[in-house]
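# Observations on the model geometry
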2 protein chains.
Amino acid sequence: MEATQRPAAEQAEGAGERDGTRARLVKATAMLLQRQGYEATTVKQILKEAGAAYGSLYHFFPQGKEELAAEALRFGADDFADLLRRGLAAADDPADAVANCALSMADALRTSAWLDGCPVAATALEIIDRSPLIQRASDEALRQWRELIAAKLRDGGLPRDTAAALACTVLSTLEGAELLSRVSGDDSPMRFAAEHLATLVRASR
Amino acid sequence: MEATQRPAAEQAEGAGERDGTRARLVKATAMLLQRQGYEATTVKQILKEAGAAYGSLYHFFPQGKEELAAEALRFGADDFADLLRRGLAAADDPADAVANCALSMADALRTSAWLDGCPVAATALEIIDRSPLIQRASDEALRQWRELIAAKLRDGGLPRDTAAALACTVLSTLEGAELLSRVSGDDSPMRFAAEHLATLVRASR
DNA sequence: CTCCGTCTTGATCGATCGATCAACTGGAGG
DNA sequence: CCTCCAGTTGATCGATCGATCAAGACGGAG
C-alpha cells in the first residue's frame, strides 16, 4: 500500500496558494503554543483561530491535540530556523553573526508586545515527562538550531567540538534571555545577550 | 505518649509560620509548578500532594489557585536563591563562583531525573499576559537572583553597570541551559554553560 | 446521472476542571 | 459547663475540557 494521495494543489508548496484547513490548523496551533504553551491552549481556541470545525481537526490528526501540537512545533521550528539563518548569514564574523541573531529576536519580541519568541520554549518546559511525542519534537527543534549555530562557528575556524559546545551555550543564552525579556517586558536582557555572546565567541578562538 | 501532639513551633514569634496545612500547600504547589507549570497543575493534585482538603485551600487562599501559585513562586524563589548564594560563596573569584552555580544546577537536575531546576521558568513562560499576579511574582524572583549575581561581580571589582548587565546574561544562560538540559535529558548544556560563563566573566574585566 | 472517497459540520459525550458551601471538629476563653 | 471560631471535610456545582460521531457537502470518475 503506497497510499498518501493528496490533492496536488494543496500538497505542492508549503507557501503561496491560500492555505488549506490542515495548514491553517498547524499555523494557528504554532502561534498559540508559542505564546501560551500547551496546556493553556484549548482545542476550541485553535479551531476558532484557524476557522475550522472539530471534525476537521480529528480528520487530519486522529490522535487529536497532542499530534497537532507536535506537528505545529515542527512548523514553528522551521520558522525560527529561518530567523537564525538570516541572522547568521548577515555577518562574516561569527561573533557578529551570533549577536545579529540576538538582536533579531529582540526586535521580534518588542514589535509583538513580547509575544513572539522561541516557538517551543513554553511548551517544552511544561510537557517534560508528560508527552514523549511533544518532548521529542522540542528536542529535535533545539538540536536543529544548535547545528545551525555550530556550522557558522566552524566556518569561522573553530574546531568541531569547541564549536558544538559553544553553539549549545549560545542557544542557551538566547533562550534564557528571551525568558527574562518576556517576563520583564524589557528587551535589555536580549540586547545584553547580543553583546556578551559576541564577547564570548571572540574569547573562544 | 500524650505529651505534645503539636510541634513546639506553635509559639507565635511575630511572623513565624507554622509548618501546618498552609505551609504544606505552598510547598507542594511550588514543587508541582517547578516540574509541570501552572496550567498542567490541578488543584486536586496539589491537595493530594499536600494532604489537604478543598476547603483548607480556599480558607488560606480565598482567591484560589492563582493566589496560592503566586505564594508558591515566592517560596521557590527563596529556595533557589539559597542555591545561588551557596554557589557564589564557594569561590572568591567571580568567574569560579558563577561556574559553581551552573554546576550546582547540573547536580540538582541530574539527581532529580531532570525535574528540579528553576522554580519559576515553566510557570513564567506560559502565564505571560494571562495572570499579572503570577507574572509579577516571577519577575521579582528573576530580579532577586540577578541582584545576587551582580553583587558578587561587583565584589570582584566590576563597575556597577557592567556587573548588572553581566549578571543578567549569566542568569539568562543558566535558565536557557536548564531548558536544554531538561528537554534533552543530558546535563552537558549545563556544564558547557559553567565553562563558558567562567570564560565570559574573565573576559569582562 | 450515480457512486464514492475526501473533507466539513456541530451537537453531544463523559470526564474533569476550579470553586463553593453547609456541616463538622477541637481547643481557647469565660 | 458553655460559647466561639479558626481550621477541616468532602459532596456538589456549573463550566469547560478534549474527543466522538452521524450526517451531509463537495468534486472527480465511471
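Residues numbered from 1 in each chain as written. Chains lettered and ligands numbered in written order. Predicted model: local features only at pLDDT ≥ 70, side-chain atom pairs only at ≥ 80, totals over all residues. Heavy atoms only, no water.

In the nomenclature of an unreviewed UniProt entry, chain A corresponds to TetR/AcrR family transcriptional regulator from the organism Actinomadura yumaensis.

## A few points about the interface of chain A and chain B
Chain A puts 42 residues into the contact, and the matching count from chain B is 43 residues. Overall, the association of chain A and chain B removes approximately 3800 Å² of surface from exposure, summing both partners, and the carbon and sulfur fraction of that is 71%. At the boundary of chain A and chain B, one finds zero salt bridges. Run the count over chain A and chain B and you get five residue pairs in polar contact (both at pLDDT 80 or more). Where the side of chain A that touches chain B is concerned, the elements lending two or more residues are helix 2 (21-36), helix 7 (121-127), helix 8 (132-155), helix 9 (160-184) and helix 10 (188-203) of chain A. Considering each element in turn, the side of chain A that touches chain B owes the most residues, 15 residues, to helix 9 of chain A. (Contact = heavy atoms within 4.5 Å. Buried area = accessible area lost by both parts, 1.4 Å probe. Salt bridge = Lys/Arg side-chain N within 4 Å of Asp/Glu carboxyl O. Polar contact = N/O pair within 3.5 Å; in protein donor to acceptor, adjacent residues only side chain to side chain. Helix = DSSP H or I, 4+ residues; strand = E, 2+ residues; numbered from the N terminus.)

## Points about the pattern of salt bridges
All names here are of chain A. Tallied over the full model, the rule gives 31 salt bridges over all chains. Ionic pairing is found between Arg154 and Glu147, a salt bridge with its closest N-O pair at 3.0 Å. Residue class for Arg154 comes out partly exposed when judged on its relative accessible area of 25%. Overlapping salt bridges, with partners in common, bring together Asp93, Asp96, Arg202 and Arg205 in one network. (Buried < 20%, exposed > 50% of the residue type's maximum accessible area, 1.4 Å probe, protein only.)

## Side note on the relation of the copies chain A and chain B
With an RMSD of 0.1 Å, chain A superimposes on chain B once it is rotated by 180° and translated 0.0 Å along the axis. Within this description, the copies of the chain are treated as partners about a two-fold rotation axis. The residues that chain A uses at the interface reappear at the interface of chain B in 100% of cases, marking a shared surface. (Least-squares fit on C-alpha atoms with pLDDT ≥ 70 in both.)

## Focus: the nonpolar core
Across soluble globular proteins, nonpolar side chains show a tendency to be buried alongside one another. Counting residues in hydrophobic clusters, the biggest one holds 144 residues, and the most contacted among them are Leu25(A), Trp145(A), Leu174(A), Leu25(B) and Trp145(B). Beyond its immediate sequence surroundings of up to four residues, Leu174(A) is in contact with Leu84(A), Cys101(A), Ala102(A), Met105(A), Met190(A) and Leu197(A). (Core = buried A, V, L, I, M, F, W, Y, C linked by side-chain atoms within 4.5 Å.)

## A look at the side chain of Gln34(A)
Residues and elements named next belong to chain A. On the secondary structure map, Gln34 appears in helix 2. A relative accessible area of 12% places Gln34 in the buried class. Only 2.9 Å separates the side chain of Gln34 from the backbone oxygen of Gly117, close enough to count as a polar contact. When sequence neighbours within four positions are dropped, the list of residues in contact with Gln34 reads Leu115, Asp116, Gly117, Cys118, Pro119, Ala122 and Arg182.

## Remarks on the protein's contact with DNA strand C
Residues in close proximity to DNA strand C total 17 residues, the closest being Thr21(A), Gly55(A), Val43(B), Tyr58(B) and Lys65(B). Atoms of DNA strand C within 4 Å of the protein belong to the sugar or the phosphate in 55% of instances, the rest to bases. Contacts to DNA strand C include Thr21(A), whose side-chain N or O atom sits 2.2 Å from a phosphate oxygen. At 3.3 Å from a phosphate oxygen of DNA strand C is found a side-chain nitrogen or oxygen belonging to His59(A). When residues of the surface near DNA strand C are traced back to their parent elements, those giving at least two are helix 4 (54-60) of chain A together with helix 2 (43-50) and helix 3 (54-60) of chain B. Broken down by element, the surface near DNA strand C gets its largest block of residues, five residues, from helix 4 of chain A. (Near = heavy atom within 4 Å.)

## Focus on the UniProt feature "domain: HTH tetR-type" (unreviewed entry) in chain A
Residues annotated by UniProt as "domain: HTH tetR-type" (unreviewed entry) correspond here to residues 19-79 of chain A. Regarding residues 19-79 of chain A, the helix share stands at 75% and the strand share at 0%, and the terminal C-alpha atoms are separated by 16 Å. (UniProt positions renumbered as here; feature names shortened; annotations may be inferred.)

## What to know about the packing of aromatic side chains
Taken as a whole, this structure holds two aromatic pairs over all chains when the rule is applied. One Lys or Arg, Lys65(B), reaches over the ring of Tyr38(B) and ends 4.3 Å from the middle of that ring. (Phe/Tyr/Trp six-rings, centres within 6.5 Å; stacked < 30°, edge-to-face > 60°. Lys NZ or Arg CZ within 6 Å of the ring centre and 35° of its normal.)

## What to know about the environment of Val201(B)
Residue and element names in this part refer to chain B. Within the secondary structure, Val201 is located in helix 9 (residues 188-203). Along the chain, Val201 and Pro159 lie 42 residues apart, while their C-alpha atoms are 13 Å from each other. If we skip the residues at most four places from it in the chain, Val201 touches Pro94, Ala95, Val98, Leu153 and Leu166.

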